[in-house]
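Here is what each chain is made of, one letter per residue.
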Amino acid sequence: MTCHHDVLHANYVAALNRGGLTPEAYEYNLGGNVLHSLLWPTLSPVGGGRPVGELARMVDRDFGDLTHLRNTMIGAALACQGSGWALLSSHGGRLIVEVAHNHGTRAQWGRALLPLDVWEHAYYLDRGPNRRAWCEAFFDRLVDWRVVGARASMRRG
Ligand SMILES: [Fe+2]
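Residues numbered from 1 in each chain as written. Predicted model: local features only at pLDDT ≥ 70, side-chain atom pairs only at ≥ 80, totals over all residues.

A. Focus on the overall build of the chain. Counting secondary structure elements, the chain contains eight helices and three strands. Listing the helices and strands of the chain from first to last along the sequence gives α-α-α-α-β-β-α-β-α-α-α. A compact globule built from 157 residues should have a C-alpha radius of gyration of about 15 Å, and the chain, at 15 Å, falls within 12% of that. Along the three orthogonal principal directions, the C-alpha set of the chain runs to about 45 × 35 × 25 Å. Put simply, the chain has 157 residues, and 31% of those count as buried. In the chain, the share of contacts with a sequence separation of at least 24, taken over all contacts with a separation of at least 6, comes to 62%. (Helix = DSSP H or I, 4+ residues; strand = E, 2+ residues; numbered from the N terminus. Rg over C-alpha atoms; globule rule 2.2 N^0.38 Å. Buried ≥ 20, exposed ≤ 12 C-beta atoms within 10 Å, placed from the backbone. Contact = placed C-beta atoms within 7 Å.)

B. Just the packing of helix H3 (residues 53-63) against helix H8 (residues 145-156), in detail. Here H3 crosses H8 at 85°, and the two axes come no closer than 8 Å. On the basis of their axis angle, the class for H3 and H8 is roughly perpendicular. Every residue of H8 that contacts H3 at Gly-53, Glu-54, Leu-55 and Met-58 is listed here: Trp-145, Val-148, Gly-149, Ala-152 and Ser-153. The residue inventory of the contact of H3 with H8, partitioned by class, reads five nonpolar, three polar and one charged. (Axes fitted to C-alpha atoms, helices over the stretch in contact; angles between N-to-C directions. Parallel < 35°, antiparallel > 145°, perpendicular 65-115°, else oblique. Nonpolar A, V, L, I, M, F, W, Y, C, P; charged D, E, K, R; others polar.)

C. Structural detail: the nonpolar core. Ranked by internal contacts, the top residues of the largest apolar core, which has 32 residues, are Met-73, Ala-77, Trp-85, Ala-86, Leu-87, Leu-116 and Cys-135. For this core, the element with the highest residue contribution is helix H4 (residues 66-79), accounting for five residues. For Leu-116, the residues in contact, after removing those within four places along its chain, are Met-73, Ala-77, Trp-85, Ala-86, Cys-135 and Phe-138. (Core = buried A, V, L, I, M, F, W, Y, C linked by C-beta atoms within 7 Å.)

D. Examining the packing of H4 against helix H7 (residues 131-142) more closely. Viewed as axis vectors pointing N to C, H4 and H7 meet at an angle of 150°, and their least axial separation amounts to 10 Å. Overall, the two elements H4 and H7 adopt an arrangement that is roughly antiparallel. The hand of the H4/H7 crossing is right-handed. In this structure, H4 contributes Arg-70, Ile-74, Ala-77 and Leu-78 to the contact, and H7 contributes Arg-131, Arg-132, Cys-135, Glu-136 and Phe-139. (Left-handed = near helix turned anticlockwise from the far one by under 90°.)

E. Structural view of the sheet that holds strand E2 (residues 94-101). The sheet built from three strands is open, its strands ordered E2-E1-E3 with antiparallel pairing. The sheet is open, and its two borders are formed by E2 and strand E3 (112-117), each paired with just one other strand. Averaged over all pairs of adjacent strands, the angle between their axes in this sheet comes to 20°, without regard to strand direction. Judged from the eight bridges that link them, strand E1 (residues 84-91) and E2 form a sheet pairing that is antiparallel. Among the inter-strand pairings, Leu-88 is bridged to a residue of E2, identified as Val-97. (Pairing = 2+ DSSP bridges.)

Spelled out as structure tokens, the structure:
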């Protein structure tokens, strides 16, 4: 995790600051910066648990319950071939799960509430090739639902 933050995310920022990038490289590095900047505040050493308030109601309305959201998002993360992200996003007032390949698109960055990084660098050092173990730990021990709830409120406003 420290390497992920200090080296990999820092590389995207350094590339943007260096400048002189092709349009494709600019989008790639910008996406890496945006998604990691959304990711870090949603991780907590005492995370997990459940959403509360309006976000809890949205989860129940759009997914049935938190377990179904968790299974949907982990399923999307496992189905993502190669590098990418599974995103819990707010789209048209509803919660959706979508996959962003590599770093996805600007539209995806704009609607993401909770990004789950499933590039190998996100889990390989700690868990080897076990992407599922990383996804389960993300939901069960790391997600700070208060941050996700605050983002959902801002999108509605
Ligand atoms: Fe990452």
